[in-house]
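Understanding the architecture of this molecule
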Amino acid sequence: MARVAVGWGVRELAEKSGVSTNTIARLERGEELKASTIEAIRSALEAAGVEFIPENGGGAGVRLKR
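None of the values given here were measured: they were computed from a predicted structure.

One way to put it is that helix 2 (residues 10–17) packs onto helix 4 (residues 35–47) with a least axis distance of 8 Å and a crossing angle of 105°. With respect to their mutual orientation, helix 2 and helix 4 come out roughly perpendicular. Residues L13, K16 and S17 of helix 2 touch helix 4, and the partners they reach there are A40, I41, A44 and L45. Taken together, the residues of the contact of helix 2 with helix 4 break down into 5 nonpolar, 1 polar and 1 charged.

Here it is, written out as structure tokens:
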């Protein structure tokens with residue numbers, strides 16, 4: 001959802017985060033990844049303006065920073 005919010009395809013997110021497109025696909029399928037890999041992807045998305053919202057009873061989410 002965060003990737004789509006910033007208008008990126010799988011290839012662009014992979015490039016910006018320094019991981020392979022297969023890794024992005026694995027993440028989006030819900031497969032387990034190393035913490036360092038998740039952090040690299042999260043950092044790339046945050047740099048693009050994504051804000052991650054913690055779980056608050058309704059589930060975790062994302063939004064774009066204002």
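Text resumes after the structure shown.
Let's shift gears to the nonpolar core. Counting residues in each nonpolar core, the largest one holds 10 residues, listed as A2, W8, L13, A14, V19, I24, I41, A44, L45 and V50. At the level of secondary structure, the elements contributing two or more residues to this core comprise helix 2 and helix 4. Of all the elements, helix 4 adds the most residues to this core, at 3 residues.

All right, on to the environment of W8 then. Here W8 is to be found in the loop between helix 1 (2–5) and helix 2. Here W8 falls in the buried class, since its relative accessible area comes to 13%. Taking the C-alpha atoms as reference, W8 lies 9.9 Å from A48; in sequence the two are 40 residues apart. Discounting residues that sit within four places of it in the chain, W8 has contacts with R3, L13, K16, A44, L45 and A48. Of note is the side chain of W8, whose polar atom sits 3.4 Å from the side chain of E12.

Rules used throughout
Residues numbered from 1 in each chain as written. Predicted model: local features only at pLDDT ≥ 70, side-chain atom pairs only at ≥ 80, totals over all residues. Heavy atoms only, no water. Axes fitted to C-alpha atoms, helices over the stretch in contact; angles between N-to-C directions. Helix = DSSP H or I, 4+ residues; strand = E, 2+ residues; numbered from the N terminus. Parallel < 35°, antiparallel > 145°, perpendicular 65-115°, else oblique. Contact = heavy atoms within 4.5 Å. Nonpolar A, V, L, I, M, F, W, Y, C, P; charged D, E, K, R; others polar. Core = buried A, V, L, I, M, F, W, Y, C linked by side-chain atoms within 4.5 Å. Buried < 20%, exposed > 50% of the residue type's maximum accessible area, 1.4 Å probe, protein only. Polar contact = N/O pair within 3.5 Å; in protein donor to acceptor, adjacent residues only side chain to side chain.

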